[in-house]
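# Notes for the structure review
One letter stands for each residue in the lines below.
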Amino acid sequence: MVYLLATFANDADHMPSLLHALAAELDVPENGGAQETWGLGYYADDRALLIKKPASILNQRTAYALAPEVKSRILLACAKGTGERSAAPPYRFRRWLFAHTGAMEGLLALRDTVRDKLPDFVRSEVGQASGGALAFGMFLAELHRGAVLEDQLADPARLAQALARTADTIQRLADEAGSGPVRASFVATNGRVVLVHQGGAPLSRKLQAGLERLPAGPLDPALTDFKQLAAALKRFRAVVVAPGDLSERPGWEVIPEGASLVIDAQLNVSDVQA
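Anyway, here's the lowdown on the structure attached to this text. Everything quoted here is computed from the prediction, not taken from an experiment.

A full pass over the atoms with the stated rule returns seven aromatic pairs. Between Tyr3 and Trp38, the aromatic rings sit 5.9 Å apart at their centres with planes inclined by 55°, giving tilted as the arrangement. Placement of Tyr3 in strand E1 (residues 2–9) and of Trp38 in strand E2 (residues 36–44) is noted, with a sequence separation of 35 residues between them. Accessibility classification places Tyr3 together with Trp38 in one group, the buried group. Feature note: the residues Tyr91, Trp96, Phe98, Phe136, Phe139 and Phe186 constitute an aromatic cluster, connected by ring pairs.

Here the focus is the nonpolar core. Trp96, Phe98, Leu107, Phe139, Phe186 and Leu195 are the most contacted members of the largest nonpolar core, which totals 39 residues. Among the elements of the structure, strand E5 (91–93), strand E6 (96–102), helix H5 (120–126), helix H6 (131–145), helix H7 (156–177) and strand E7 (184–189) are those that each provide at least two residues to this core. Of the residues forming this core, the biggest block, nine residues, is contributed by H6. Beyond its immediate sequence surroundings of up to four residues, Phe98 is in contact with Leu76, Pro90, Tyr91, Gly132, Ala135, Phe136, Phe139, Leu163, Phe186, Val187 and Ala188. Leu40, Leu49, Ile51 and Leu229 belong to the second largest nonpolar core, which has 34 residues in total.

Attention now goes to the packing of H6 against H7. Between H6 and H7, the least distance of the axes is 9 Å, while the angle of their chain directions is 130°. By the angle between their axes, H6 is oblique relative to H7. Read as a crossing pair, H6 and H7 show a hand that is right-handed. Along the contact surface, H6 presents Ala135, Met138, Phe139, Glu142 and Leu143, while H7 presents Leu159, Ala162, Leu163, Arg165, Thr166, Thr169, Ile170 and Leu173. Here the contact of H6 with H7 is composed, by residue class, of nine nonpolar, two polar and two charged.

Take the sheet that holds strand E3 (residues 47–54) next. Taken in spatial order, the seven strands line up as E3-E2-E4-E1-E10-E9-E11 in an open sheet, and their pairing is antiparallel. Two strands lie at the open edges of the sheet, namely E3 and strand E11 (252–254), each paired on one side alone. The sheet shows a mean angle of 15° between the axes of neighbouring strands, direction not considered. The sheet contact formed by strand E9 (residues 203–209) and E11 spans three bridges and is antiparallel. Across the sheet, Ser204 pairs through a bridge with Val254, a residue of E11. Across the face of the sheet, helix H1 (residues 15–25) comes into contact with E1, strand E4 (74–81), E9, strand E10 (237–243) and E11 while running at roughly 140° to E1.

Our focus in this paragraph is the sheet that holds strand E12 (residues 260–263). Taken in spatial order, the six strands line up as E5-E6-E7-E8-E12-E13 in an open sheet, and their pairing is antiparallel. Both outer strands of the open sheet, E5 and strand E13 (269–271), are each paired with one neighbouring strand and no more. Averaged over all pairs of adjacent strands, the angle between their axes in this sheet comes to 20°, without regard to strand direction. Where E12 lies against E13, three bridges are found, and the strand directions are antiparallel.

This next bit is on the pattern of salt bridges. Considering all chains together, one arrives at 12 salt bridges under this definition. Measuring nitrogen to oxygen at the nearest pair gives 3.5 Å for the salt bridge that ties Arg205 to Glu253. One end of the pair, Arg205, is in strand E9; the other, Glu253, is in strand E11, with 48 residues separating them in the sequence. Residue classification places Arg205 among the partly exposed residues on the basis of a relative accessible area of 22%. Because the salt bridges share partners, they merge into one network encompassing Asp46, Arg95 and Arg192.

Most peptide bonds take the trans form, and the phi angle of most residues other than glycine is negative. Its identity as a non-glycine residue notwithstanding, Arg94 has a phi of 55°, on the positive side. For Arg94, the position within the fold is in the loop between E5 and E6. The backbone of Leu267 sits at a positive phi, close to 70°, despite the residue not being glycine. Note on placement: Leu267 falls in the loop between E12 and E13.

The next thing to look at is the environment of Ser247. Counting through the fold element by element, Ser247 comes out in the loop between E10 and E11. The exposure class assigned to Ser247 is partly exposed, which follows from its relative accessible area of 40%. Sequence-wise, Ser247 and Thr7 are 240 residues apart; in three dimensions their C-alpha atoms are separated by 18 Å. Residues contacting Ser247, with those up to four places away along its chain left out, are Trp252 and Val254. Within the structure, the side chain of Ser247 is placed 2.7 Å from the side chain of Asp245, a separation counted as a polar contact.

Cut-offs applied
Residues numbered from 1 in each chain as written. Predicted model: local features only at pLDDT ≥ 70, side-chain atom pairs only at ≥ 80, totals over all residues. Heavy atoms only, no water. Phe/Tyr/Trp six-rings, centres within 6.5 Å; stacked < 30°, edge-to-face > 60°. Helix = DSSP H or I, 4+ residues; strand = E, 2+ residues; numbered from the N terminus. Buried < 20%, exposed > 50% of the residue type's maximum accessible area, 1.4 Å probe, protein only. Core = buried A, V, L, I, M, F, W, Y, C linked by side-chain atoms within 4.5 Å. Contact = heavy atoms within 4.5 Å. Axes fitted to C-alpha atoms, helices over the stretch in contact; angles between N-to-C directions. Parallel < 35°, antiparallel > 145°, perpendicular 65-115°, else oblique. Left-handed = near helix turned anticlockwise from the far one by under 90°. Nonpolar A, V, L, I, M, F, W, Y, C, P; charged D, E, K, R; others polar. Pairing = 2+ DSSP bridges. Salt bridge = Lys/Arg side-chain N within 4 Å of Asp/Glu carboxyl O. Polar contact = N/O pair within 3.5 Å; in protein donor to acceptor, adjacent residues only side chain to side chain.

Below, the structure is given as structure tokens:
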């Protein structure tokens, strides 16, 4: 099982403050002990970048501890119980970042079959893939078939539909092979929009409206820029996606199974029909 946190914010400068607040709000289940790896995907200078570290060197098992100074409007953070750092999500291809949560063993059993059907340029990226990397390869192939892999102006609905078709194909292949159900949910982003598909692994979302403090603590009124900082924190907004049913917590709502969502740069959340 992979832990997944995804967020799209209106202010990159205060992403660390959001991650610090979420660290206190969200529980991270035990996920592999000493072999657990944390990965983070984000954007800087319009480039998709990755950070991956073993949990053993982090002072806390949180996205904030992994990257306390990363400033990016979009961020995907994952924790996976594995000793293979290269296989830990998120995954990257050019401008695309991809992550998942849920059980992917049913797809991993079909690795050779799936790899053989991928375009050459995708197959070379997937390599000896984990289940999540295979799913990413299938998503890239779906985008390639639809001629939207490199199209930064593509209709976001088409991108979300490609992610939904990928999830449907994964389940169909697993069913046909009798390898067991693949109950997994996926998040993908090209740095312009964030796509979410709930494929059976529970997800919840909320709108974070404002922040009360910086990672170092409450604002000090003695700061010369106190009013500016306070106003910036008040204006801060972010859509946050996290695993599990968090509907009993204030502000959170469950994403229905089978739903495909698009989060745009204005933080609008649209439900896209497959």
